[in-house]
Number of protein chains: 2
Amino acid sequence: MSVENEQAEGQDLVELLRARGQRVTSQRLVILRELRRRELHATAEEILDAVRHDLPGTSIPTLYATLELLVELGLARKIDAGTGAALYDARTEPHQHMVCRDCGRIFDLDGEYRLESLVDAAKRLGFVADGAELVIHGRCADCAARIN
Amino acid sequence: MSVENEQAEGQDLVELLRARGQRVTSQRLVILRELRRRELHATAEEILDAVRHDLPGTSIPTLYATLELLVELGLARKIDAGTGAALYDARTEPHQHMVCRDCGRIFDLDGEYRLESLVDAAKRLGFVADGAELVIHGRCADCAARIN
DNA sequence: ATTGGTGCAAATCCTTTGCAATAGC
DNA sequence: GCTATTGCAAAGGATTTGCACCAAT
């Protein structure tokens, strides 16, 4: 089976879950499938609405737990754009985001750029950038020392 | 008066407010002064506690409104680190942030870096980075066209 | 005197928690 | 059968809103 079909079927998720001794549930499969069907990042609420088509009764806590799990497994990405609700995205390639101050829409900015040229790259796309925030996530020296 | 004293006294804020026909209130002056006194970014709650020392009775809505105003005036910066509460900072120089997954502390990363070398820069500071999110804020092509 | 700014209380929005019921292994 | 996962209801934290009062111009 090709990588694309494997992903479409969620076979990769099944394997990751088995490797960790976690259960394969229909909620997990459907949520990942829905996330992959989308071109664009979606809020938890948008995903929930779509998921309930296929799996009525899916609950909010399950959705959040599953999204967190998918992020942990590297199958999804969480984007905190500062617009209230967090966004989720199954795109794993390196890319950044642009948030419109007015309409709140989020646009992709593909590839790896020099930080100082990102505003220019955005401008080429017609986006009038007035600021950029980069947040690095990880473990500080103290916590890394304490845990490892 | 030197630029430093001007800032310490909030004279720059006074001028910006007058230029916009907005009122100079003690709340606005005290909140900016408190923000400038700090080395590190602070949450709204932390700022409120400190401000109430100088100006008891200061309210939460006023605090948020003032912080938003300061950001709009370019005197402060809002950092959405994805840790629940937003952070505010009176540092205007270009710098980025690192968030510890465990203790939640935020560390500064000064200067302008190449995006792909930021993880290395963080590593040099003992920070074990496992991801970076860059969010560009501004106006999308559609909104820019509609407004200008 | 005018009206922008403030404080209060309550509402809203997003997300997490506690717990009993259910479904994978 | 065992226990992780689920759904429900309710709680939680951060921020915003509506409105009457106050204070800067």
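Structure: see above.
Since the structure is predicted, the reported quantities are computational estimates derived from the model, not experimental observations.

Student: Please explain the side chain of T66 of chain B as it appears in this structure.
Tutor: Along the chain, T66 of chain B turns up in helix 5 (residues 60–72). In contact with T66 of chain B, not counting residues within four places along its chain, are R28 and I31 of chain B.

Student: Would you mind going over the pattern of salt bridges with me for this structure?
Tutor: Should the charged atoms of two oppositely charged side chains come close, the side chains can pair. This model, assessed by the stated rule, comprises 14 salt bridges over all chains. For E34 of chain B, the salt bridge identified is with R38 of chain B, shortest N-O distance 3.1 Å. Take E34 of chain B: its relative accessible area is 6%, and that puts it in the buried class. It is possible to trace a salt-bridge network through shared partners that takes in R33, E34, R37, R38 and D54 of chain A.

Student: Where do I start with the sheet that holds strand 2 (residues 77–79) of chain B in this structure?
Tutor: Sheet strands pair via backbone hydrogen bonds, and the direction of the pair is either parallel or antiparallel. Residues and elements named next belong to chain B. Read across the open sheet, the three strands follow the order 1-3-2; overall the sheet is antiparallel. Of all the strands in the sheet, just strand 1 (42–43) and strand 2 have a single pairing partner and so form its edges. Of the pairings in the sheet, the one linking strand 2 to strand 3 (residues 87–89) comprises three bridges and is antiparallel in character. In the strand pairing of strand 3, R77 is matched with D89.

Student: Honestly, the protein's contact with DNA strand D in this entry has me stumped. Any pointers?
Tutor: Not every one of the 17 residues close to DNA strand D is listed here, only the nearest: R23, T25, Q27 and T62 of chain A together with Y64 of chain B. Considering the 4 Å shell around the protein, atoms of DNA strand D inside it are sugar or phosphate in 68% of instances. Contributions of two or more residues to the surface near DNA strand D are made by helix 3 (26–37) and helix 5 (60–72) of chain A together with helix 5 of chain B. It is helix 5 of chain B that provides the largest number of residues to the surface near DNA strand D, a total of three residues.

Student: What is the right way to read the protein's contact with DNA strand C from this model?
Tutor: Within the structure, DNA strand C sits among 17 residues, and V24 and Y64 of chain A together with R23, T25 and T62 of chain B are positioned closest to it. Note that a base nitrogen of DNA strand C is positioned 3.0 Å from one of the side-chain N or O atoms of R23 of chain A. One of the side-chain nitrogen or oxygen atoms of Q27 of chain B is found 2.9 Å away from a sugar or linking oxygen of DNA strand C. Here the surface near DNA strand C is built from residues that sort into seven nonpolar, seven polar and three charged.

The rules behind each value
Residues numbered from 1 in each chain as written. Chains lettered and ligands numbered in written order. Predicted model: local features only at pLDDT ≥ 70, side-chain atom pairs only at ≥ 80, totals over all residues. Heavy atoms only, no water. Helix = DSSP H or I, 4+ residues; strand = E, 2+ residues; numbered from the N terminus. Contact = heavy atoms within 4.5 Å. Salt bridge = Lys/Arg side-chain N within 4 Å of Asp/Glu carboxyl O. Buried < 20%, exposed > 50% of the residue type's maximum accessible area, 1.4 Å probe, protein only. Pairing = 2+ DSSP bridges. Near = heavy atom within 4 Å. Polar contact = N/O pair within 3.5 Å; in protein donor to acceptor, adjacent residues only side chain to side chain. Nonpolar A, V, L, I, M, F, W, Y, C, P; charged D, E, K, R; others polar.

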